[in-house]
Amino acid sequence: GLNFIDLMVRQGNIDNPPKTPLVPGFECSGIVEALGDSVKGFEIGDRVMAFVNYNAWAEVVCTPVEFVYKIPDDMSFSEAAAFPMNFVTAYMMLFEVANLREGMSVLVHSAGGGVGQAVAQLCSTIPNVTVFGTASSFKHEAIKNSVTHLLDRNADYVQEVKRISADGVDIVLDCLCGENTGKGLSLLKPLGTYILYGSSNMVTGETKSFFSFAKSWWQVEKVNPIKLYEENKVIAGFSLLNLLFKQNRGGLIKGVMDKLLNLYNSKKIKPVVDSLWALEEVKEAMQRIHDRGNIGKLILDVEKAPTPLVS
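In every chain, residue numbers begin from 1 and rise along the written sequence. At least 70 in pLDDT is required for a residue's local features to be given in this predicted model, at least 80 for side-chain atom pairs to be given and counted, and no such filter applies to totals for whole chains, interfaces and linings, which use all residues. Computation of side-chain values: all heavy atoms of the structure, hydrogens and water removed.

Going by the annotation in an unreviewed UniProt entry, the name recorded for the protein chain is VAT1L protein, with Cisticola juncidis given as the source organism. In the Sequence similarities (unreviewed entry) part of its UniProt record, the protein chain is described as follows: "Belongs to the zinc-containing alcohol dehydrogenase family. Quinone oxidoreductase subfamily." UniProt positions are given in the numbering used here, feature names are shortened, and annotations may be inferred rather than shown by experiment.

The structure is reproduced here in structure tokens:
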């Protein structure tokens, strides 16, 4: 699976990336080829999906067994590669951090992306949840049925939300950061939760620009704890990769994956795959994410031949 974090890794916008040369990628699906001596519960030939601490964009991948899950019989390999990062992130933010319940409202940015589509699907499993989604206008036709209210990411979405819901929303999921942090906090109802789970506005051009990096942080308003207290608001952050690989919460994630696979098997959720790309086409695939062109998830398929260039 390709994720926005892979762009941030490439541009050096994350703390302590591994030294080069490195193979990117944090999730994959495939067939078990070999097992460690003490591994239980899996056999050679099993169809599996897995989290990997880098190195997922490869033909052969090695990862600890706690990060590996069996693929349901009717799930394709491409769906499986699109599943772990997006759905676990969406589920944990909605249910573990923000405590989504019946009748609540959610604002999610990049509603057409992998996490955005997972959020929309999971919200539809709870009665009467209103989803406000921001997305580029060219995506609206394709995703209009997945959210309750679709907003143009380049318009004044704060005013649009307030026009529809005067007192705002219960949950804001922000992958943009920058000036959107203050906007998101301003939209929260009392006892509402704002969750930052990325900062894709830092990925600007093809090269890392310190100025654009700094500018996006200057736009983050200082959070005053007294103001949070007076307004009854919750501010939170969520990083699935840190939870998995730095904070040793693989067991917690396994419980979430079990719930998600039950939802998949009961046909309540289904990963949206935007497109498949050969390994040789990774540059073009990343450009599609960079340009926010995708609806759902981009997948690198090791068995796919590159699409011939039209001369």
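Q: Would you mind going over the sheet that holds strand β2 (residues 47–51) with me for this structure?
A: One key point about sheets: their strands pair by backbone hydrogen bonds, in either a parallel or an antiparallel sense. In this description, strands pair whenever DSSP reports at least two bridges between them. Helix and strand definitions follow DSSP, with helices as H or I runs of at least four residues and strands as E runs of at least two, each counted in order from the N terminus. If you walk across this open sheet you meet the three strands as β1-β2-β3, and the pairing is antiparallel. Whereas interior strands pair on both sides, the edge strands pair on one side only; in this sheet they are β1 (27–31) and β3 (68–70). Averaged over all adjacent pairs, the angle separating strand axes in this sheet is 25 degrees, with direction ignored. Across five bridges, β1 lies against β2 in antiparallel orientation. Residue pairing across strands places Ser-29 opposite Met-49, the latter belonging to β2. Throughout, a residue-residue contact means that at least one pair of heavy atoms, one from each residue, lies within 4.5 Å. The axes are straight lines fitted to the C-alpha atoms, using for helices just the contacting stretch, and the angles between their N-to-C directions are given from 0 to 180°. Running over the sheet, helix α3 (residues 84–97) touches β1 and β2 and is turned about 60 degrees from β2.

Q: Just checking my understanding: could you explain the pattern of salt bridges for this structure?
A: A side chain with one charge can pair with a side chain of the opposite charge if their charged atoms come near. Salt bridges are counted wherever a side-chain nitrogen of Lys or Arg sits within 4 Å of a carboxyl oxygen of Asp or Glu. Inspection of the entire model under this criterion finds 13 salt bridges. One salt bridge connects Glu-27 with Lys-297, and the closest N-O pair in it is separated by 2.5 Å. You can see Glu-27 sitting in strand β1 and its partner Lys-297 sitting in strand β11 (residues 297–300), a full 270 residues away along the chain. Each member of the pair Glu-27 and Lys-297 is classed as buried. For Glu-141, the salt bridge is made with Lys-144, and the minimal N-O distance between the two is 2.4 Å. A relative accessible area of 59% means that Glu-141 is categorised as exposed. Buried means the residue's accessible area, taken with a 1.4 Å probe over protein chains only, is under 20% of the maximum for its type, while exposed means over 50%, and partly exposed covers the values in between. Residue classification places Lys-144 among the partly exposed positions, given a relative accessible area of 40%. Via salt bridges that share partners, Lys-227, Glu-231 and Lys-233 belong to a single interconnected network.

Q: Honestly, the sheet that holds strand β4 (residues 105–108) in this entry has me stumped. Any pointers?
A: Pairing is parallel in the open sheet, where six strands are placed in the order β6-β5-β4-β7-β8-β9. Strand pairing shows two members of the sheet lacking a second neighbour, β6 (149–152) and β9 (234–237), which therefore form its edges. Each neighbouring strand pair of the sheet contributes to a mean axis angle of 15 degrees, computed without reference to strand direction. When strand β7 (residues 169–174) meets strand β8 (residues 188–196), the two strands line up parallel, connected through five bridges. In the strand pairing of β8, Val-172 is matched with Tyr-194.

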